[in-house]
Amino acid sequence: MSGSAEGMPNPWLPVPYSVQERRSETPDTVTLVLAPGAGPAPLRFGPGQFNMLYLFGIGEVPISICGDPADSQHYVHTIRSAGRISDALCRVAPGATVGVRGPYGTGWPIREAVGHDVVIVAGGLGLPPLRPALLEILRHRDRYGRVEVIYGARSPKDLVYYDQIQAWRSRPDLRFQTTVDTAGHDWHGDVGVVTTRLPDARFEPKDTVAFLCGPEIMMKLTAQALVQRGVDRDAIWVSLERNMKCAIGLCGHCQFGADFVCRNGPVVRYRAVERAFSTREL
Amino acid sequence: MVELAVGDRRILARSDFPAFLDALNKLGYRVVGPTVRDGAIVYGPIDRVEDLPVGWTERQEAGKYRLERRGDEALFGYAVGPHSWKKYLFPAHERLWTASRKESRFVPAPEPADGPPLAFLGVRACELAAIALQDHVFAKAGDVAYATRRARALRIAVQCGQAGGTCFCVSTGTGPAVGPSHDLALTEILTAERHVFFVEVGSPMGARVLASVPLGPASVEDERTVEQIVARTSASMGRTMVVSGIRDLLVNHPEHPRWELAGQRCLACTNCTMACPTCFCQTTEEVPDLSGERVERWRRWDSCFNSAFSELHGTPIRKSTSSRYRQWMTHKLATWHDQFGSSGCVGCGRCITWCPVGIDITEEAAAIRASPPPQVVEERT
């Protein structure tokens, strides 16, 4: 191997950020606003990318970035308590230090969507990774055709970004449908999985770019429904989730077929993974 | 003394091998190489010639490894054992960084590179290929610790004088002849009259090592002898594997019944991945001290055969052993091409020898090739 390793940046070292704000989204989900403190400003990120978040003495997990890409001063992350480390991250107090490595991975191809109708379908905690894309599209709303968002959650109490969703729903240039799997009598919205809302969505199939994020089965069924409706497989994008320890294509954990999800994903064309979605235990 | 240049060939007498080791030590290298321990030839410190497996060889078969005495005093008269050089370049357990808490903040400090540079003595052709494969993997990730160790390491190759029972480097195109990427390449020539090493210089550093070592001229006859040794080894491979089209063969047959059969035999013990010189999977560990004021971040070899390896939200994606075997073999022989532009297999045979139930990657690949069921046909709408 030629040359020496001196001066190479060490990709394993987290950069300390401080928790500027902690918002409770649902009983098990919080949003953290991270600021670099005295350190350098965050690196620019693309909608759909993720960071590795590290807690001193606890560990590190991949979490997608869900803030506004135009905000160059913060990283915003919405985290669900799903394990030991994410649970500890959900409990951090403002002022605490969180280590950040990133941003990593591929993002939603919002430039490719310019001039087309955009269909965004989010299931559960699939909305946070799509939020930067939606914010970016709304910032340049005139560049796109119709924008349809379908957001499904398990129950009304599992809906994140409640206030912002109300604001989005009141916009005339955006259709934002919300649906839940189960609800009580106090819920006046739709009930059913996201694909049940798809027939209502207005878009020109041949001229549509779709972004899907949620559980694999939800993305698979939604993509199949979109293809049925005439959307090209190459115009449908999905965001994959796998176990990750390094985010630099080295630990091997996130392999999905030939892809390292951390490097070739998380956002990939549906066509590229269509067969893999149907392969057991891949 | 005439300065040696890359490509120069010389003869090193067996009696001058101690001087060769001295030369390495004088340049600050710590020599590591094959040595007999716990009934196997493994890699460890080589302080003197007698630390090498002098007069030893081994018998290898699927799930079998036995040391045997040779009828001579050869220094390198065996194939490869359970260890590979990755244990030095990519240690099985390695501290990545440490951090101390300062009020509410913490400051991570990278692990300093220390210890003397290593001279790898006895790197076989397949192992040079394996090192090159890992170089690519770690370079792509920008791993500083690996790059630092690798840049300092000296590779003293040895061309194999015999093939092991599970060897198939001829099939993978990685041996037994040593390619151009090495610092020094030795071929052991041992007859009733003569015990010498044919030495080829592969780098300026290799030339520097030889500067203080007594050497003789290499004759055309010696070169012919070396060619014959390599040809003999090539002709005695214990295994073969047809590699043409193997990427598509495996990627297109994820539901082949053979995976299920392999899964029924496989113990998911991870031996193949630990012994494999190219397997690079790893996990991270957070190790806080008792006060909670200081933590160490470590990495450890991991294996795609472990259930936790694919765990997502508390459940493994690859629940069955057959899916893990499929992942390992498909990655090694097929998707490695997509990721790194080549196969991940160098034909060393370790996974065959060290599998406790003797699963043979060449046999599995042949079985899938022999009876490919109808391909999964993509649905069109």
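No experiment lies behind these values; they were computed from the predicted model shown.

Conventions used here
- Residues numbered from 1 in each chain as written.
- Chains lettered and ligands numbered in written order.
- Predicted model: local features only at pLDDT ≥ 70, side-chain atom pairs only at ≥ 80, totals over all residues.
- Helix = DSSP H or I, 4+ residues; strand = E, 2+ residues; numbered from the N terminus.
- Rg over C-alpha atoms; globule rule 2.2 N^0.38 Å.
- Buried ≥ 20, exposed ≤ 12 C-beta atoms within 10 Å, placed from the backbone.
- Contact = placed C-beta atoms within 7 Å.
- Domains from an automatic or database assignment.
- Nonpolar A, V, L, I, M, F, W, Y, C, P; charged D, E, K, R; others polar.
- Pairing = 2+ DSSP bridges.
- Axes fitted to C-alpha atoms, helices over the stretch in contact; angles between N-to-C directions.
- Core = buried A, V, L, I, M, F, W, Y, C linked by C-beta atoms within 7 Å.
- Expected span 1.5 Å × (residues − 1).
- Arc of directions from axis to C-beta.
- pLDDT = per-residue confidence, 0-100.

### Overview of the overall build of chain B
Okay, step 1: When its secondary structure is counted, chain B shows 13 helices and 16 strands.
Okay, step 2: Computed over C-alpha atoms, the radius of gyration of chain B comes to 23 Å, within 12% of the 21 Å expected from 2.2 N^0.38 for 381 residues, which places it in the range of a compact globule.
Okay, step 3: Its C-alpha atoms put chain B at 70 × 65 × 40 Å along the principal axes.
Okay, step 4: Scored against the burial criterion, the 381 residues of chain B give a buried share of 46%.
Okay, step 5: Long-range pairs, those at least 24 residues apart, make up 72% of the contacts in chain B with a sequence separation of at least 6.

### Description of the domain arrangement of chain A
Residues and elements named next belong to chain A.
Okay, step 1: With domains assigned, chain A is organised as domain 1 (15-104) and domain 2 (117-239).
Okay, step 2: The C-alpha centroid of domain 2 is placed 24 Å from the C-alpha centroid of domain 1.
Okay, step 3: Contacts between the two partners involve 15 residues from domain 1 and, on the opposite side, 14 residues from domain 2.
Okay, step 4: Counting only elements with at least two residues in the side of domain 1 that touches domain 2, the list comes to strand 1 (15-26) and strand 5 (75-80).
Okay, step 5: By residue class, the composition of the side of domain 1 that touches domain 2 is six nonpolar, six polar and three charged.

### Re the domain arrangement of chain B
Residue and element names in this part refer to chain B.
Okay, step 1: One can read the domain layout of chain B as domain 1 (9-235) and domain 2 (246-370).
Okay, step 2: Between the C-alpha centres of domain 1 and domain 2 there is a distance of 25 Å.
Okay, step 3: For the side of domain 1 that touches domain 2, the secondary structure elements donating two or more residues are strand 5 (64-69), strand 6 (93-102), helix 3 (125-141) and helix 5 (169-172).
Okay, step 4: The leading source of residues in the side of domain 1 that touches domain 2 is strand 6, at nine residues.
Okay, step 5: A class-by-class count of the residues in the side of domain 1 that touches domain 2 yields 18 nonpolar, 14 polar and six charged.

### Topic: the sheet that holds strand 12 (residues 236-239) of chain A
All names here are of chain A.
Okay, step 1: Pairing is mixed in the open sheet, where seven strands are placed in the order 10-9-8-7-11-12-15. At either margin of the open sheet sits one strand with a lone partner, and together these are strand 10 (190-191) and strand 15 (267-269).
Okay, step 2: Across three bridges, strand 12 lies against strand 15 in antiparallel orientation. Within strand 15, the position partnered with V238 by the bridge is V268.
Okay, step 3: Its contacts with the sheet put helix 2 (residues 127-139) on strand 7 (117-123), strand 8 (147-153), strand 11 (208-213) and strand 12, and the angle it makes with strand 7 is roughly 155 degrees.

### Topic: the nonpolar core
Okay, step 1: Grouped together as the largest cluster of nonpolar side chains are 182 residues, with contacts concentrated most on A:A210, A:L212, A:I236 and B:F120.
Okay, step 2: The dominant element in this core, judged by the number of residues it contributes, is helix 3 of chain B, at 10 residues.
Okay, step 3: When sequence neighbours within four positions are dropped, the list of residues in contact with A:L212 reads A:V121, A:M219, A:T222, A:A223, A:I236, A:W237 and A:V238.

### Observations regarding unusual backbone geometry
Okay, step 1: Going from A:G102 to A:P103, the amide bond is cis rather than trans, its omega being -5 degrees.
Okay, step 2: Each neighbour pair has its own omega, and for A:G265 with A:P266 the value is 5 degrees, a cis peptide bond.
Okay, step 3: Its location among the elements puts A:P266 in the loop between helix 5 (261-264) and strand 15.
Okay, step 4: A positive phi is found at B:H313, a non-glycine position, where the angle reads about 50 degrees.
Okay, step 5: Tracing the sequence through the fold places B:H313 in the loop between strand 15 (311-312) and strand 16 (315-316).
Okay, step 6: Residue B:H313 is classed as exposed on the basis of its C-beta count, with 12 C-beta atoms lying within 10 Å.

### Structural notes on helix 4 (residues 216-229) of chain A
Residues and elements named next belong to chain A.
Okay, step 1: When the terminal C-alpha atoms of helix 4 are compared, their 20 Å separation across 14 residues agrees well with the 20 Å that a helix rising 1.5 Å per residue should span.
Okay, step 2: Along helix 4, the residues that are buried comprise M218, M219, T222, A223, L226 and V227. Buried residues along helix 4 cover an arc of 160 degrees about the axis, so they all sit on one side. Residues of helix 4 that are exposed and point over 90 degrees away from its buried face: I217 and Q228.
Okay, step 3: Its buried side turned inward, helix 4 meets strand 7, strand 11, strand 12 and helix 6 (270-277).
Okay, step 4: Within two residues after helix 4, G230 carries a phi angle of roughly 110 degrees, on the positive side.

### Here's the deal with the interface of chain B and chain A
Okay, step 1: Contacts between chain B and chain A engage 49 residues on the former and 41 residues on the latter.
Okay, step 2: Counting residues per element, the ones that place at least two in the side of chain B that touches chain A are strand 6, strand 7 (105-110), helix 3, helix 4 (144-152), strand 13 (282-288), strand 15 and helix 11 (321-340) of chain B.
Okay, step 3: Looking at the side of chain B that touches chain A residue by residue, the class counts come to 21 nonpolar, 16 polar and 12 charged.

### Points about the environment of A:T78
Okay, step 1: As for its placement among the helices and strands, A:T78 is situated in strand 5.
Okay, step 2: For the pair A:T78 and A:V30, spaced 48 residues apart in the sequence, the C-alpha separation amounts to 5.6 Å.

### So, the environment of A:P14
Okay, step 1: Tracing the backbone shows A:P14 in the segment before strand 1.
Okay, step 2: Linking A:P14 and A:R101, residues 87 residues apart in sequence, is a C-alpha distance of 5.0 Å.
Okay, step 3: Those residues in contact with A:P14, other than ones at most four positions away along the chain, are A:Y54, A:G99, A:V100, A:R101 and B:P108.

### Re the sheet that holds strand 6 (residues 97-104) of chain A
Residues and elements named next belong to chain A.
Okay, step 1: The six strands are arranged 4-3-6-1-2-5 in an open sheet whose pairing can be described as antiparallel. Because the sheet does not close on itself, it has two edges, and the strands there are strand 4 (59-64) and strand 5. On average, each strand axis in the sheet is tilted by 40 degrees relative to the strand beside it, whichever way the strands run.

### Looking at the confidence of the model for chain B
Okay, step 1: When pLDDT is averaged along chain B, the result is 96; 97% of the residues meet or exceed 70.
Okay, step 2: Among the prediction metrics, the complex's ipTM stands at 0.94, with pTM recorded as 0.95.

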